[in-house]
Amino acid sequence: MAVTLKDVEHVALLAQLSFSEEEKARLTAQLNQILEYMEQLNSLDTADVEPLSHVIELSNVFRTDVNRPSLPREAILRNAPVRTEKFFKVPKVIGDR
Amino acid sequence: MQRTLTTYDQTRRALESGSTTCERTVEGYLESINTGKRLNAFLAVFGEKVLDEARAVDRKIAEGTAGPLAGMVVAVKDVICMRDEKVTCASKILENFVSLYDATVIERLRAADAVFIGKTNMDEFAMGSSTENSAFGAVLNPVDESRVPGGSSGGSCVAVAGGMAHTALGTDTGGSIRQPAAFCGIVGLKPTYGRVSRYGLVALSSSFDQIGPFAACVADAARVLHVMSGQDVNDSTSAAVPVPDYTAALTGNVAGLKVGVPWTVLGKGLQPEIRASVDRAVQRLREGGAHIEEIELPHSDYVISTYYILMTAEASSNLARYDGARYGYRSTTARNLSELYVQSRSEGFGQETKRRIMLGTYVLSAGYYDAYYRKAQKVRRMIQQDFFNAFENVDCVLTPTTPTTAFKFGEKTEDPLEMYLSDIFTVSANLAGLPGISVPFGKDGQGLPVGIQFVGRQFEESTILNAAYYLEQQEGR
């Protein structure tokens, strides 16, 4: 399953990242090297093994459903790169494309 | 060169006898931070603020109301939130982000009258094994400044190893506390998954991340762990398991303790001096009455692959939130929302972070999910089962913390896989959710510290703390 330059471009799109041509070439080589090493897992028979997603056997942790104070608007907007009085401000969503 | 570090136990006695104050202790550490600036351990230092905290603790000591960590000076990895302070994760993308609340670990340590001296440098978003990936420059190893301190919690480790704080908080996703502790010659502990609340910790890989302490001695690590542990309503992954008195567990008695050593795993690629330290540790444990048993960890060859597939997958998902819209770095050249996302992320994240996001996105993408991600989740269970099987016969597992001592700057930066392989002995504990501790034991021919690691059963930190305490006592004799 060799990774091609096209794969790298596709994954970059999914990850919302952009790279120069040079970076893409380097990433292609590095991902191939890393993934080739990871192919070793294919030598293991895992047909009867359940996937492990949580290392301590916890399930359905609930808390009581009561109101708790939330952060004031000013605090939330404190880290906004650009804001209006009450809102986060972003460039227009409907572009020129 | 390495100085003798002041332990919290020593300071505590001095505070109780009145021969020092918390304020003077803090002033001493601030002075060390200033003279050790070139080590680049800190991203923020709290001058007046920590002195105010120290004076408040001094008043409590005078009144006899001081808490269990009174006068302990703590440094905090800059991935843990402290209210009204920046939390940068050593990334340009969070360079100006200010926390709105305290992490639960901060609240608990503060309630015990510890004081916080500053935030420490790290690999960007805790991705790295050398602290060379910080957007704010690498951290130097105080034992040999031409070498890395390990990572990703390099700054926290150097804060303690360089005598700039009693203890420090780090995070360990695949070895990020234990590996730097080994490289710098101090104690580093990764608690069991679920032992410590992660509320207020910026998420990297949610099924692995744990917060734990760095300390100059095992007893100090035990004290901090005791205060920081326990269930938290704000973290549903924190476990409802009672917290024992870890300090009381430090008897130094290992008679009858069953220690497993995976000798076949240690046969490969180990620096000879590290092997010598392992042999000497085993010898000392035998002299103390411990039983050394050979154990098999049949899937140990697969730990790095499994770890890096799952870790990068989770990280790519966790880091999707940094898009330049509501907080964090925003590109100034974006003309529409789509460009805003891509450009803010591409300009804001560093090279290793982007590489891992790419790898993680790839293994989660359509067509590859089963082949990589799901496969790795299955192998993860097999690796965990290896440890559960071993723990039927032994109480803990001994390995070196790292295959080599601290490496030089730039030595592994061009070869990411080579860098990943330096985590070979530490990642297993994270994959299986087990506690692990690194304790300094011996040095190599160049005077670089060697770390011995004990890994224990889930929630049995007491066992590995005591085993590490025993070796520490042996080293002092």
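Since the structure is predicted, the reported quantities are computational estimates derived from the model, not experimental observations.

## As for the side chain of Ser130 of chain B
Residues and elements named next belong to chain B. Within the secondary structure, Ser130 sits in the loop between strand 3 (115–120) and helix 5 (154–161). The class of Ser130 is buried, set by a relative accessible area of 0%. A distance of 2.7 Å separates the side chain of Ser130 from the side chain of Glu132, its partner in a polar contact. Among all residues touching Ser130, those that are not within four sequence positions of it are Asp123, Val148, Pro149, Gly150, Gly151, Phe407 and Met419.

## Focus: the confidence of the model for chain A
Low pLDDT marks regions whose predicted coordinates should not be analysed in detail. With 96% of its residues at a pLDDT of 70 or more, chain A has an overall mean of 92. Per-element confidence in chain A is highest for helix 1 (residues 5–15) of chain A, whose mean pLDDT is 97, and lowest for helix 3 (residues 73–77) of chain A, whose mean pLDDT is 95.

## Brief notes about the pattern of salt bridges
Residue and element names in this part refer to chain B. Overall, the coordinates contain 28 salt bridges over all chains when judged by the stated rule. Notably, a salt bridge pairs Glu53 with Arg110, separated by 3.2 Å at the nearest N-O pair. Here Glu53, found in helix 3 (residues 48–63), pairs with Arg110, found in helix 4 (residues 104–111); they are 57 residues apart in sequence, far enough to count as distant. Since its relative accessible area comes to 17%, Glu53 is described here as buried. Among the ionic pairs, Arg275 bridges to Asp279, the shortest N-O distance being 3.2 Å. With a gap of 4 residues between them, Arg275 and Asp279 both fall in helix 9 (residues 272–287), about one helical turn apart. Each of Glu23, Glu48, Asp52 and Arg55 takes part in one network of salt bridges that share partners.

## Thoughts on unusual backbone geometry
All names here are of chain B. The linkage connecting Gly151 with the following residue, Ser152, adopts the cis geometry, with an omega of 10°. With respect to the helices, strands and loops of the structure, Ser152 is situated in the loop between strand 3 and helix 5. Even without a glycine there, the phi angle at Asp113 is positive, about 75°. Considering the arrangement of structural elements, one finds Asp113 in the loop between helix 4 and strand 3. Located in the positive-phi region is Phe125, a residue other than glycine, with phi close to 50°.

## Overview of the interface of chain B and chain A
The partner chain A presents 56 residues to the 73 residues of chain B that form the contact. Buried area between chain B and chain A, summed over both chains or domains, comes out near 5800 Å², and the portion from carbon and sulfur atoms is 65%. Applying the counting criterion to the chain B and chain A interface returns 1 salt bridge. Linking Asp84 of chain B and Arg78 of chain A is a salt bridge whose minimum nitrogen-to-oxygen distance equals 2.9 Å. Looking at the side of chain B that touches chain A, the elements that each hand over two or more residues are helix 10 (303–318), helix 11 (337–348), helix 12 (351–364), helix 13 (369–390), helix 14 (416–420) and helix 15 (427–432) of chain B. In terms of residue count, the dominant contributor to the side of chain B that touches chain A is helix 13 of chain B (12 residues). Residue composition of the side of chain B that touches chain A, by class: 36 nonpolar, 22 polar and 15 charged.

## Looking at the pairing of strand 11 (residues 449–456) of chain B
Residue and element names in this part refer to chain B. Burial analysis of strand 11 places 8 of its 8 residues in the buried class, which makes it a mostly covered element. On strand 11, burial covers both faces: Pro449, Gly451, Gln453 and Val455 on one face and Val450, Ile452, Phe454 and Gly456 on the other are all buried. In this structure, strand 9 (residues 396–400) lies alongside strand 11, joined through 5 bridges in antiparallel fashion. Its bridge partner lying in strand 11, Leu398 is registered against Phe454. Pairing of strand 10 (residues 436–443) with strand 11 involves 6 bridges; the strand directions are antiparallel. What sits directly across from Ser438, in strand 11, is Gln453. A loop of 5 residues connects strand 10 with strand 11, the two strands running antiparallel in sequence, and Gly447 in this loop sits at a positive phi of about 80°.

## Thoughts on the nonpolar core
Counting 164 residues, the largest nonpolar core has Ile80, Leu109, Ile117, Phe125, Leu169, Leu285 and Phe454 of chain B as the members making the most contacts within it. A total of 9 residues in this core trace back to one element, the largest contributor, which is helix 10 of chain B. In contact with Leu169 of chain B, other than residues within four places in its own chain, are Val74, Ala75, Val76, Lys77, Ile80, Val105, Ile106, Leu109, Ser156, Gly212, Val224 and Met228 of chain B. In this structure, Leu52 and Val55 of chain A together with Ala239 and Phe459 of chain B belong to the second largest nonpolar core, which totals 6 residues.

How each quantity is defined
Residues numbered from 1 in each chain as written. Chains lettered and ligands numbered in written order. Predicted model: local features only at pLDDT ≥ 70, side-chain atom pairs only at ≥ 80, totals over all residues. Heavy atoms only, no water. Helix = DSSP H or I, 4+ residues; strand = E, 2+ residues; numbered from the N terminus. Buried < 20%, exposed > 50% of the residue type's maximum accessible area, 1.4 Å probe, protein only. Polar contact = N/O pair within 3.5 Å; in protein donor to acceptor, adjacent residues only side chain to side chain. Contact = heavy atoms within 4.5 Å. pLDDT = per-residue confidence, 0-100. Salt bridge = Lys/Arg side-chain N within 4 Å of Asp/Glu carboxyl O. Buried area = accessible area lost by both parts, 1.4 Å probe. Nonpolar A, V, L, I, M, F, W, Y, C, P; charged D, E, K, R; others polar. Pairing = 2+ DSSP bridges. Core = buried A, V, L, I, M, F, W, Y, C linked by side-chain atoms within 4.5 Å.

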